[in-house]
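Analysis of the macromolecular model
So you can see what is in the structure, the chains are spelled out below.
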Amino acid sequence: MSENKTKYIFVTGGVLSSLGKGITAASVGTLLKHTGQRVGVLKLDPYINVDPGTMSPLEHGEVFVTKDGAETDLDLGHYERFLDTSLTQKNNFTTGLVYKTVIENERKGKYLGKTIQVVPHIVNEIKERIVKAGEGKDILIVELGGTTGDIEGLPFLETIRQMKHEFGKTQVMNIHVTLLPYIKTAGELKTKPTQHSVQELRRIGIAPHMLVLRAEQPVPAELKRKIAYACDVDEDSVIDAIDAPTIYEVPLNFLKQDMLTPICKQLDLENCQPKMDEWADLVHKIIQPSFETKIAFVGKYLDLKESYKSLTEALIHAGAHLDYKVNIKWVDSEKIEDDGAQKYLNDCDGILVAGGFGKRGVEGKIQAIQYARENKIPFLGICLGMQLAMIEFARNVLGIEDANSVEFDENTPNHIIYLIDEFIDASGSKQVRTTKSPMGGTMRLGEYECETKEGSNLRAAYDAPIIFERHRHRYEANPKYRDALEAKGMDITGESHGLIEAVEVKDHPWFLGVQFHPEFTSRLQNPNPSILSFVNASIQNKK
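Everything numeric here is computed off the predicted structure, so don't read it as measured data. All residue numbers here refer to positions counted from 1 along the written sequence of the relevant chain. Local features in this predicted model are restricted to residues of pLDDT 70 or higher, and side-chain atom pairs are both shown and tallied only at a pLDDT of 80 or more, whereas totals for entire chains, interfaces and linings draw on every residue. In computing side-chain values, all of the structure's heavy atoms are included and hydrogens and water are not.

This part is about the overall build of the chain. Secondary structure follows DSSP: runs of H or I at least 4 residues long count as helices, runs of E at least 2 residues long count as strands, and numbering of each begins at the N terminus. A tally of regular secondary structure across the chain gives 19 helices and 25 strands. Relative to the globule expectation of 24 Å for 543 residues, the C-alpha radius of gyration of the chain, 25 Å, shows essentially globular dimensions. Expressed along its principal axes, the backbone C-alpha trace of the chain runs to roughly 75 × 60 × 45 Å. Throughout this description, buried means an accessible area under 20% of the type-specific maximum (1.4 Å probe, protein chains only), exposed means over 50%, and partly exposed covers the range between. Here the chain holds 543 residues, and 58% of them are scored as buried. Just to be clear, the radius of gyration here is over C-alpha atoms, and the globule rule we use is 2.2 Å times residues to the power 0.38.

A word on the side chain of R472. Mapped onto the elements, R472 comes out in strand β21 (residues 466-473). Of note is the side chain of R472, whose polar atom sits 2.8 Å from the side chain of E71. Two N or O atoms form a polar contact when they lie within 3.5 Å of each other; inside protein one atom must be a possible hydrogen donor and the other a possible acceptor, and for residues adjacent in sequence the pair counts only when both atoms belong to side chains.

The next point concerns the confidence of the model for the chain. Counting all residues, the mean pLDDT for the chain is 92, and 93% of those residues have values of 70 or more. Each residue carries a pLDDT value, the predictor's own confidence for that position, ranging from 0 to 100. A contact between two residues is defined here by any heavy atoms of the two lying within 4.5 Å. Here residues 433-441 scores under 50 on pLDDT; set against residues more than four positions off or in separate chains, the count is 21 contacts.

Any helix carries an expected span of 1.5 Å times its number of residues minus one. Helix length check: helix α15 (residues 362-374) (13 residues) gives 18 Å between terminal C-alpha atoms against 18 Å at 1.5 Å per residue, within 8%. When α15 is considered as a whole, its buried residues turn out to be V362, G364, K365, I366, A368, I369, Y371, A372 and R373. Of the residues trailing α15, K376 is marked for its positive phi of about 55°.

Glancing now at the packing of helix α7 (residues 192-204) against helix α8 (residues 221-231). Fitted lines through C-alpha atoms serve as axes, helices being fitted only where they are in contact, and the angles separating the N-to-C directions of these axes extend from 0 to 180 degrees. The N-to-C vectors of α7 and α8 enclose an angle of 25°; their axes lie 10 Å apart at closest approach. With respect to their mutual orientation, α7 and α8 come out roughly parallel. For α7 against α8, the interelement crossing comes out right-handed. Across the interface between the two elements, T194, Q195, V198 and R202 of α7 pack against K226, I227, A230 and C231 of α8. An angle counts as roughly parallel when it lies under 35 degrees, as roughly antiparallel when it exceeds 145, as roughly perpendicular when it falls between 65 and 115, and as oblique in every other case. Handedness of each helix crossing follows the sense of rotation of the near helix against the far helix: counterclockwise by less than a right angle gives left-handed, clockwise gives right-handed.

Two strands qualify as a pair provided that DSSP identifies no fewer than 2 bridges between them. Pairing is mixed across the open sheet formed by nine strands, whose spatial order is β13-β12-β14-β15-β25-β24-β23-β20-β21. Across the chains shown, the open sheet's two edge strands, defined by having one partner strand only, are β13 (324-332) and β21. Neighbouring strand axes in the sheet, compared pairwise and without regard to direction, differ in orientation by 25° on average. Where strand β12 (residues 291-299) meets strand β14 (residues 350-353), four bridges bridge the pair, whose relative direction is parallel. For I295, the partnering residue across the bridge sits in β14 and is G350. Each of β12, β13, β14 and β15 (379-382) is contacted by helix α12 (residues 309-322), which is oriented at about 150° to β13, the strand it contacts most.

Next up, the structure:
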């Protein structure tokens, strides 16, 4: 038996995907953290991609960037927002990365000529990564993506099965999230899919200690008892997870069902009384806010709002702390190109232009920025939003009609936004990139320091001369145009080693464009300062 003191909670899913395993894992972690435990989280992704960095947001949702520059699954965003913590690349890995590592090790001769197999080599690599992610933590919560029975997930499930034997029964717990569908014509919640999912898990060799039942309505006690008996699980370990008005209410719903008692019993933990008063107060303000404000969210991936998940959650965090509901008006930038900005933005208290890649919808975003600047509506531009704010200002104030970004026009004579040849990445290493470099390996990723200018909106928001925020972009603002911009009223208010990080317009109540992604560091209990300040400015504009 290993000397490893970390305890592991594995969260698997059955019946179908998108059940809320990530929210379940984050909620359990939140409850345990508020009891005083040191909690870590890990997401295992069974797909073959090495990371989700080059996957379409329409395919996989948002790409979440950790502070050390890893492009990870959006569930890591949930973990950070719930647990108020910063994760790294060790907190997420994929089948593709595991196989890549094992094959590279085989090429280097590390296996001494042995035949490489799923068991033990792939399984051992998975196990080593899980153990590493749990170092320094009392409890590591491990979410396995996909659905029980998926071919890709089998090596991970075998690893989970082995770890129970290797570390001991009180060191490992298995929570299985499954669907309890409601059949309207029969007027019943059906348990058979859950039974079959547990049977599949047990066939693989894993007996779940707890079941979390996703349902549209509360599950009656007699039905929970039926499931407990059919699936060989204690009655107090059958927890329902009904649809909630906000995901942040889920930990409170679990707490009402005394979820921590069987968890603490299984893992031999003493303190099972989390202090959730502050959390409950914020949740109350999300569900029943005293006031409302409307913010226009101008973007192009509006068919799948999951691609902006961190940003929409950050607006919720800011609203909760200000006791306001932030009503998001989704505005397709291509429609602005067709119909003009006035039609879509005239009833909004603030305007937000989000990031994105590619030329589609860009001119509509520029029109939205011009509308915000000229009508003195609070404005926040993020990443591409900042770059377009500079292009808009150059075109309409400096009179440079062909101002553009080399992302959209490689041959533009006035490249306000350009591609620098070299930069220092988050780890301190020099990176070289060109327009022909592969997209997955040429972005400025991760956390960078930024110097804020005294007297600026940025300094006022953070109340600090140096801040640290995360990046995910290829192109940079061209310093060649700095003097001309500042002479006409656009200030550079944030810099990182000579790179432009933030711009503001002087003659405006609140206008801020930032090259970084502030949404990646926003938490329910600690909202991001620039987003909080933007929402507050929008509220003041409403008044």
